[in-house]
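Residues per chain are reported as follows:
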Amino acid sequence: MAIERTLSIIKPDAVAKNVIGQIVSRFEAAGLKVAAARMVQLSRLEAEQFYAVHKERPFFKDLVDFMISGPVFVQVLEGENAILKNRELMGATDPKKAAAGTIRADFADSIDANAVHGSDATETAAVEVAFFFPALDVYSR
Ligand code: RTP
Ligand code: MG
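Residues numbered from 1 in each chain as written. Chains lettered and ligands numbered in written order. Predicted model: local features only at pLDDT ≥ 70, side-chain atom pairs only at ≥ 80, totals over all residues. Heavy atoms only, no water.

Q: Looking at this model, I keep getting lost on helix α5 (residues 82-90). Mind explaining?
A: Quick reminder: α-helices carry 3.6 residues per turn. Residues three or four places apart thus point the same way. Among all positions of α5, only Ala82, Ile83, Asn86 and Met90 are buried. Down the axis of α5, the buried set is contained in an arc of 105°. They therefore lie on one face. The elements touched by buried residues of α5 are β1 (3-10), α2 (20-29), β3 (72-80), α6 (103-107), β4 (116-118) and α7 (122-132). Once α5 finishes, glycine 91 follows within two positions and takes phi at roughly 85°, a positive value. (Buried < 20%, exposed > 50% of the residue type's maximum accessible area, 1.4 Å probe, protein only. Helix = DSSP H or I, 4+ residues; strand = E, 2+ residues; numbered from the N terminus. Arc of directions from axis to C-beta. Contact = heavy atoms within 4.5 Å.)

Given below as structure tokens:
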């Protein structure tokens with residue numbers, strides 16, 4: 001199985017709940033390694049750029065407003081099958097539909113305040129990692 005990198009964001013709701021460590025622990029327990037990490041307060045323009053794929057969707061403004069409502073914790077996770085593994089650990093977008101034991105089932109409040117973001121495919125992972133981290137700041141170990 002291929003070693004992949006994926007972008008994870010711990011969203012403002014989970015940062016405000018002080019559960020960064022609990023969420024990172026789940027990634028580590030599943031065999032993913034933190035290859036880069038930092039706290040960021042996104043500007044409106046940055047959030048709009050990051051979620052540009054959704055710009056025509058009815059929830060776009062709410063999504064951007066939420067993502068700039070406080071600092072986020074961005075990480076690169078690395079490991080076997082990291083993109084899908086992260087998505088499985090996150091659970092469904094709507095926490096009401098997220099499987100028991102997933103991050104969203106345990107920490108998310110709503111489809112808007114849903115605790116985490118994770119890249120959804122190889123190409124988007126590469127773009128999203130580069131959006132936040134220069135290549136030299138990402139460490140395989
Ligand atoms: P993310 O991109 O944040 O990892 O979430 P996702 O792949 O599970 O969901 P996606 O379809 O990419 O949507 C991005 C974020 O937009 C919000 N959303 N709201 N009200 C709605 O119907 C709705 N649909 C999506 C969610 O916060 C979702 O995480
Ligand atoms: Mg998505």
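Q: So what exactly am I meant to see when it comes to the side chain of threonine 6 here?
A: Along the chain, threonine 6 turns up in strand β1. For threonine 6, a relative accessible area of 0% translates into the label buried. Looking at threonine 6, its side chain comes within polar contact range of the side chain of serine 119, at 3.5 Å. Sequence-distant contacts of threonine 6, that is, excluding residues within four places in its chain, are made with Gln75, Val76, Leu77, Ala82, Ile83, Asn86, Ser119, Ala125 and Val129. (Polar contact = N/O pair within 3.5 Å; in protein donor to acceptor, adjacent residues only side chain to side chain.)

Q: Would you take a moment to explain the packing of aromatic side chains for this structure?
A: Any two aromatic rings considered together are summarised by their centre-to-centre distance and by the angle between their planes. Evaluated as defined, the whole model comprises four aromatic pairs. Ring geometry for phenylalanine 50 versus phenylalanine 131: centroids 5.5 Å apart, planes at 65°, classification edge-to-face. Taken together, the positions of phenylalanine 50 in helix α3 (residues 44-50) and phenylalanine 131 in helix α7 put the pair 81 residues apart, joining distant regions of the chain. The exposure class assigned to phenylalanine 50 is buried, which follows from its relative accessible area of 8%. The interplanar angle of 50° and the centroid separation of 5.5 Å between the aromatic rings of phenylalanine 50 and phenylalanine 132 together place this pair among those described as tilted. (Phe/Tyr/Trp six-rings, centres within 6.5 Å; stacked < 30°, edge-to-face > 60°.)

Q: Please explain unusual backbone geometry as it appears in this structure.
A: Negative phi values dominate among residues other than glycine, just as trans dominates among peptide bonds. Unusually for a residue other than glycine, asparagine 81 sits at a positive phi of about 55°. Mapped onto the elements, asparagine 81 comes out in the loop between β3 and α5. Note on asparagine 81: relative accessible area 26%, which makes it partly exposed. Even without glycine at this site, alanine 115 takes up a positive phi of about 75°. Inspection of the secondary structure assignment puts alanine 115 in the loop between α6 and β4.

Q: Just to check I follow, could you spell out the site of ligand 1 for this structure?
A: In the vicinity of ligand 1, 14 residues are found, and the nearest of them are Tyr51, Thr93, Ile111, Asn114 and His117. Within the side chain of tyrosine 51, an N or O atom sits 2.8 Å from an oxygen atom of ligand 1. In isolation ligand 1 offers 560 Å² of accessible surface; the protein chains occlude 80% of this area. Tallied by class, the residues present in the shell around ligand 1 amount to five nonpolar, five polar and four charged. (Near = heavy atom within 4 Å. Areas by Shrake-Rupley, 256 points an atom, 1.4 Å probe, with all protein chains shown as cover. Nonpolar A, V, L, I, M, F, W, Y, C, P; charged D, E, K, R; others polar.)

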